[in-house]
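# Residue-level structure breakdown
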Amino acid sequence: MPSLYSTNMRLKFPVLAISLEILTIILFGVFVTYDKIDAHHGPQNSSHSNEEPDFSALYPVFQDVHVMIFIGFGFLMTFLKRYSFSSVGLNMLLAAFGLQWGMLMQGLWHMHHGKIQVNIYSMINADFSTATVLISFGAVLGKTSPVQLLIMTILEITIFAMNEHLVVEILQASDVGASMVIHAFGAYFGLAVARMLYRPGLSNGHENDGSVYHSDLFAMIGTIFLWMFWPSFNSAIAESPQEQYTAVVNTYLSLAACVLSAYAISSLVEKKGKLDMVHIQNATLAGGVAVGTCADMAIGPYGAMLIGLTAGIISTVGFKFLTPVFSSKLGIQDTCGVHNLHGMPGILGGIAGIIAVALGAKSGNVVMQVAALASSVGIAIVGGAVTGLIMKLPFLGQPPDQNCFDDAVYWEVPEEEEEHEENMTHGDHSKNKAEP
Amino acid sequence: MPSLYSTNMRLKFPVLAISLEILTIILFGVFVTYDKIDAHHGPQNSSHSNEEPDFSALYPVFQDVHVMIFIGFGFLMTFLKRYSFSSVGLNMLLAAFGLQWGMLMQGLWHMHHGKIQVNIYSMINADFSTATVLISFGAVLGKTSPVQLLIMTILEITIFAMNEHLVVEILQASDVGASMVIHAFGAYFGLAVARMLYRPGLSNGHENDGSVYHSDLFAMIGTIFLWMFWPSFNSAIAESPQEQYTAVVNTYLSLAACVLSAYAISSLVEKKGKLDMVHIQNATLAGGVAVGTCADMAIGPYGAMLIGLTAGIISTVGFKFLTPVFSSKLGIQDTCGVHNLHGMPGILGGIAGIIAVALGAKSGNVVMQVAALASSVGIAIVGGAVTGLIMKLPFLGQPPDQNCFDDAVYWEVPEEEEEHEENMTHGDHSKNKAEP
Amino acid sequence: MPSLYSTNMRLKFPVLAISLEILTIILFGVFVTYDKIDAHHGPQNSSHSNEEPDFSALYPVFQDVHVMIFIGFGFLMTFLKRYSFSSVGLNMLLAAFGLQWGMLMQGLWHMHHGKIQVNIYSMINADFSTATVLISFGAVLGKTSPVQLLIMTILEITIFAMNEHLVVEILQASDVGASMVIHAFGAYFGLAVARMLYRPGLSNGHENDGSVYHSDLFAMIGTIFLWMFWPSFNSAIAESPQEQYTAVVNTYLSLAACVLSAYAISSLVEKKGKLDMVHIQNATLAGGVAVGTCADMAIGPYGAMLIGLTAGIISTVGFKFLTPVFSSKLGIQDTCGVHNLHGMPGILGGIAGIIAVALGAKSGNVVMQVAALASSVGIAIVGGAVTGLIMKLPFLGQPPDQNCFDDAVYWEVPEEEEEHEENMTHGDHSKNKAEP
């Protein structure tokens, strides 16, 4: 079907990628400058002035977040048997472009004398902005071209930066770990895109939409790095050392409790009581999402654990019972189940934040917290729907149904492995093509 | 054999896991509070007062230890061809529960006004306490159910916390890198459990008790992260910056020397001089174990290297010649060979510490060092034997011999891979079950 | 061919490895001592005195570099279908020995009262010195024995330390991220060795000189850890906090821009516009190499991005068009294409440094920058050629052509996997050897 599905990327992808990069470099040339680091920097100074970023103290935290973005998200999505190159490779592409675009889009709202200064906070925030795109990428994984995904990156980060500015600066809502502005936003944006790109031809499943033994293990690399470094994610931009400490402890404990409930429910909902890798890879992380908004609040260690326990239950139940319904009834084919890992736990996080502020765990305004949650979900759905419509434009190289979840559309794939896969699928009927 | 081997976990595992987590949350609600972080924190303050933890300076070290626990131990055990889900997955479960339980059990001995304060040291120590369980897990890998392992976690960490209190607070022995209280303790505890769970049916080996090419590579991820971050493990709770520095340097050099001797002996003991992945994955780490007790002492860089060199030799020789004897003569089936990686090197570390204190490398009492080593090994053996007896209770879901080392007992395993494995084992006799 | 190719390592490898380690320990005993850490250390002191290393602030940066050396280089080279044990395993061996040897060779040029002091800078520099060997290892990957490689390690690090002393101390040239003294040096040293070890028998390729699906994924683990932590590599030994910050920002942005150009050119040069894993695994890193020399200079964020953009283009084009020519016309069989990842981008980095100094981005001497680049490339080529001649000595265990790129020569390889590979290659003609 060459007219509908022109998946050959030879001209359109290189031209788009290079053009975007050159445009970005020009914008950096005009707007972006270095920051000045105080020679007497150090942790003790950060209490004197919150505006002076402490580079060397936050650099290890930035690197933890960096690992989450590039290894964590990248390998988490390698679970598909024939789509691992795309998962880790396109993740890298989108994140590398997204962090540049995010630095510009977020910086536009905080210019000093017409310039955007690069410092450790802007680097952390740039990585954060890519997280929204990578969450949405999970919803459409296997069904989109690199060109479509680059367009989604530009639009989503631009809209994300506006919503974040609204939530943080205008509403002045608390969302230190970004349950609302990143996780709920990224999930509902991606689900809206997936709805627009609905493929009836995939409604009965696809033979490549599943894992093999070692692809599940690669995915666990992603899961565990995300799980371990989530305390860094939730505490990175906390305002004081005390709040940074609180965010680390709350996230650490929420995630630990979440593991127990995710494992328990995974076993409970399967006929023979067996554990399901989909749940283990994803639902164990829901505690990090759900504790995000109130991570820096004095909710008590047991409070953080209760949030994690709840998130693990909700997320696992969602994977088991809700994802099939989304696909069959709502026309939302959510490849990675981002609704269960980021959507519902993100909303749970927003609600927990509302309750925590209402109970006085941190000074704040309950109405503004509610508005922040509504804004994040609402703007995401509208923005995702519009973005999805644009992504449907026919010349953007979307793969046909039968080639979904298959690296071979956009990647050179080693021959041996194709044969090997075939061998696995067709048993002794296979013929060796390389050596006939 | 449904009566003896009721491996269906559907009720017993979820009920146990959720009950334990709720109990833990209640105990956290009663006993655990946040700590206060001094706004003027920083390295320079830690010399004024040892009781004031320096959160931001130790947080990267904590994360290194975290990586060792979750990636290091988890992937090191993925070497088995069909048991990688369990290795990395149950490692995560036991560690996530263990760190919560460890924080309680260790905190009980150091309460302030009836409360346990969470700080960076208690987080590091909680991770440490899980290490004992993960070492013991290696001895019984492939032969135990998740329910049995959760019970082992509770008992082992409780006993570990008592022995650690005895060694550190009562005997006041030095053991900064925990050669004795973690490595020797975890190994001999696990070996005692393995002795209690002896399976005559496995005395001639098991077809799944081996690796495939890529499972060995996954295991190397674990090995290398353990190897790299071991200096953080051995220095994390050192008392002063100078001792922290010394522990890093000694561990770094011991491990480097250990690699050379492990590789050399691996080649020497194989008929054709070939390297054996079992040795490379494990014996290269023995230098980190063996230098643990005296890591913060002025043993000289060459002293650390001599310890590492010796540990690499002992460990490789143990894997080659001792493990088969343990299995055939002593009835101890040590799946991962923890006696060679943690047991003997742990005792070597204890002895090195005794000699170092005797030679004045650190002020201390030789008798107390001897008592600490004896206590750690003795309490481990007794505690492990009792724990093993409890784990033998028939309703705990232990797998039958023929299903050992097989994820499929407790996990949903992708069909293609099962077929693939079958294809590999039975050649062209295989039939494709999924597409008959 | 037992006379020419005595690949049995049983005596020669263990004797060499143990002898080298014992020699090294003796030299450490004579020359190496601990450093003293100021109790009032901390970031604020590093501005008072550059000579006083700040251990705890640089330790996380050291660990990032450590991850690049052991995980980054090790897994990057696992892409070969049957040579992954050697890639990650011999990488570990060479790096573990190399860091000890490097500490001695570099320390000889900076002795205090006849002693070499171990501090955080000497640990970082020791890791750096191993990087040269690991780059050269990439050029000869699959075609050399462990004994040959240990000899290369000794010679290359010795020569590297001389050139580095010449460039940094005598010429006083700037090369903070070591584009010249590590990357160009390591690449041209390795290419000269590869030229000396030219194998006409491999001129038509080798069936094992390629990847399978999952070996390419293991390689991506290496790629992404290298990519993420490269800012630490380029900033680790910067002189002031401001220059450290600048080096981080420039490297981060150069790498981000490089990803876009590497992906674009990879798609552009393939017939059907598909992405090629070889380019993605390697060329995305060229931006880190090329920005090395001027990483700490005020070249502007856009300047760093332009360097990265250019490096990604040059590197990808080199992999596509230059590597085949090197092999067919020059007799240089560069297994990993280190000329494209380290050679040309290293020279680009040297040239960028010359231009930046000429434009006043940092005070310095253009002539000395030119001399540093010439010295690094020239000494590497001569040193590599001599080293290659020594490595050709017949008793060093070099594998015959047909056994190149095959772990089974020097490693015990799991039987199932061999059969599996055979199964993949010969289809249903295979016989099961294990169960006849």
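Heads up: these notes are all about the structure in this document. Residue positions are given per chain, counting from 1 as you read along its sequence in written order. Each chain gets a letter, beginning with A, and each ligand a number, beginning with 1, in the order they are written. Local features in this predicted model are restricted to residues whose pLDDT is 70 or higher, and side-chain atom pairs enter the listing and the counts only when it is 80 or higher, whereas totals over whole chains, interfaces and linings include all residues. Excluding hydrogens and water, the side-chain figures rest on all heavy atoms present in the structure.

### As for the interface of chain B and chain A
Accessible area lost on assembly of the parts is the figure often given for the size of an interface. Rules: The criterion used for residue contact is that any of the two residues' heavy atoms lie within 4.5 Å. Buried area, as used here, totals the accessible surface that two parts lose on assembly, with accessibility defined by a 1.4 Å probe and the loss added over both. Whenever a carboxyl oxygen of Asp or Glu lies within 4 Å of a side-chain nitrogen of Lys or Arg, that contact is scored as a salt bridge. Any pair of nitrogen or oxygen atoms within 3.5 Å is treated as a polar contact; in protein, a donor-acceptor pairing is required on top of that, and neighbouring residues in sequence qualify only through side-chain atoms on both sides. Per the convention used, a helix needs a DSSP run of H or I reaching at least four residues, while a strand needs a run of E reaching at least two, with both numbered from the N terminus. Classification used: nonpolar for Ala, Val, Leu, Ile, Met, Phe, Trp, Tyr, Cys and Pro, charged for Asp, Glu, Lys and Arg, polar for all others including Gly.
Listed by partner, the interface residues are 79 residues for chain B and 69 residues for chain A. Buried area between chain B and chain A, both sides added, is near 6400 Å², and the carbon and sulfur share of it is 71%. In terms of surface lost to chain A, no three residues of chain B exceed B:Arg10, B:Tyr34 and B:Met92, which account for 12% of the buried area on that side. For the interface between chain B and chain A, the tally reads zero salt bridges. Our count for the chain B to chain A interface comes out at 19 residue pairs in polar contact (both at pLDDT 80 or more). In terms of residues, the side of chain B that touches chain A owes the most to one element, helix H4 (residues 84-107) of chain B, which gives 12 residues. Of the residues assigned to the side of chain B that touches chain A, the class counts are 44 nonpolar, 21 polar and 14 charged.

### Here we look at the interface of chain A and chain C
Counting residues at the interface gives 81 residues for chain A and 69 residues for chain C. Between chain A and chain C, roughly 6400 Å² of surface is buried when both sides are summed, and carbon and sulfur atoms account for 72% of that area. For chain A, the biggest contributors to the area lost against chain C are A:Arg10, A:Tyr34 and A:Met92; these three give 12% of the whole. Scanning the region where chain A abuts chain C turns up zero salt bridges. Where chain A meets chain C, there are 19 residue pairs in polar contact (both at pLDDT 80 or more). Those elements that place two or more of their residues in the side of chain A that touches chain C are helix H1 (12-31), strand S1 (32-34), helix H2 (43-46), helix H3 (55-76), helix H4 (84-107), helix H5 (120-140), helix H8 (213-235) and helix H15 (415-426) of chain A. Among the residues forming the side of chain A that touches chain C, the class breakdown is 45 nonpolar, 22 polar and 14 charged.

### Digging into the relation of the copies chain A and chain C
Just so we agree on the cut-off: Superposing the copies works by least squares over the C-alpha atoms of residues that have pLDDT at least 70 in both of them.
You can overlay chain A on chain C at an RMSD of 0.0 Å; the transform is a turn of 120° with a shift of 0.0 Å along its axis. Both copies are brought into coincidence by an operation consistent with a three-fold rotation axis. An overlap of only 15% is found between the interface residues of chain A and their copies at the interface of chain C, pointing to separate contact surfaces.

### Description of unusual backbone geometry
A positive phi is found at A:Ala178, a non-glycine position, where the angle reads about 65°. Positionally, A:Ala178 belongs in the loop between helix H6 (146-170) and helix H7 (179-196). One non-glycine residue, B:Gln172, adopts positive backbone phi at about 50°. Secondary-structure assignment places B:Gln172 in the loop between helix H6 (146-170) and helix H7 (179-196).

### Re the packing of H8(A) against helix H8 (residues 213-235) of chain B
This is how the line gets drawn: Working convention: axes come from line fits to C-alpha atoms, limited for helices to the stretch in contact. Angles between N-to-C directions cover 0 to 180 degrees. What sets the label is the angle itself: under 35 degrees gives roughly parallel, over 145 gives roughly antiparallel, 65 to 115 gives roughly perpendicular, and the rest give oblique. In this scheme the handedness of a crossing depends on how the near helix is turned from the far one: anticlockwise by less than a right angle means left-handed, clockwise means right-handed.
For the pair H8(A) and H8(B), interaxial distance at closest approach is 10 Å and the crossing angle is 15°. Regarding the angle of H8(A) to H8(B), the classification is roughly parallel. Here H8(A) runs over H8(B); the crossing is left-handed. For the pair formed by H8(A) and H8(B), the contact residues are A:His214, A:Leu217, A:Phe218, A:Ile221 and A:Phe225 on the first element and B:His214, B:Ser215, B:Phe218, B:Ile221 and B:Phe225 on the second.

### What to know about the packing of aromatic side chains
As a reminder, the rule being used: Centres within 6.5 Å are what make two rings of Phe, Tyr or Trp a pair, Trp counting through its six-membered ring; a difference in plane orientation under 30 degrees is then read as stacked, over 60 as edge-to-face, and the rest as tilted. In this scheme, a residue with accessible area under 20% of its type's maximum is buried, one over 50% is exposed, and one in between is partly exposed, where area comes from a 1.4 Å probe on protein chains only. A ring is scored as having a charge over it whenever the NZ atom of a lysine or the CZ atom of an arginine sits within 6 Å of its centre and within 35 degrees of its normal.
According to the stated counting rule, one finds 54 aromatic pairs over all chains in the structure shown. Measuring from centroid to centroid gives 5.9 Å for A:Phe85 and A:Trp411, while their planes differ by 70°, and the two rings are edge-to-face. Placement of the pair is A:Phe85 in helix H4 and A:Trp411 in the loop between helix H14 (366-391) and H15, with a sequence separation of 326 residues. Here the two residues A:Phe85 and A:Trp411 agree in accessibility, since each one is buried. Judged by centre distance (5.8 Å) and plane angle (55°), the ring pair of A:Phe225 and A:Phe229 falls under tilted. Of this pair, A:Phe225 and A:Phe229 both sit in helix H8, four residues apart, which is roughly one turn of that helix. A network of ring pairs unites the aromatic residues A:Tyr34, A:Phe55, A:Tyr59, A:Phe62, C:Tyr245 and C:Tyr252 as a single cluster. We note A:Arg195 situated over the ring of A:Tyr198; from NZ or CZ to the ring centre the distance is 5.6 Å.

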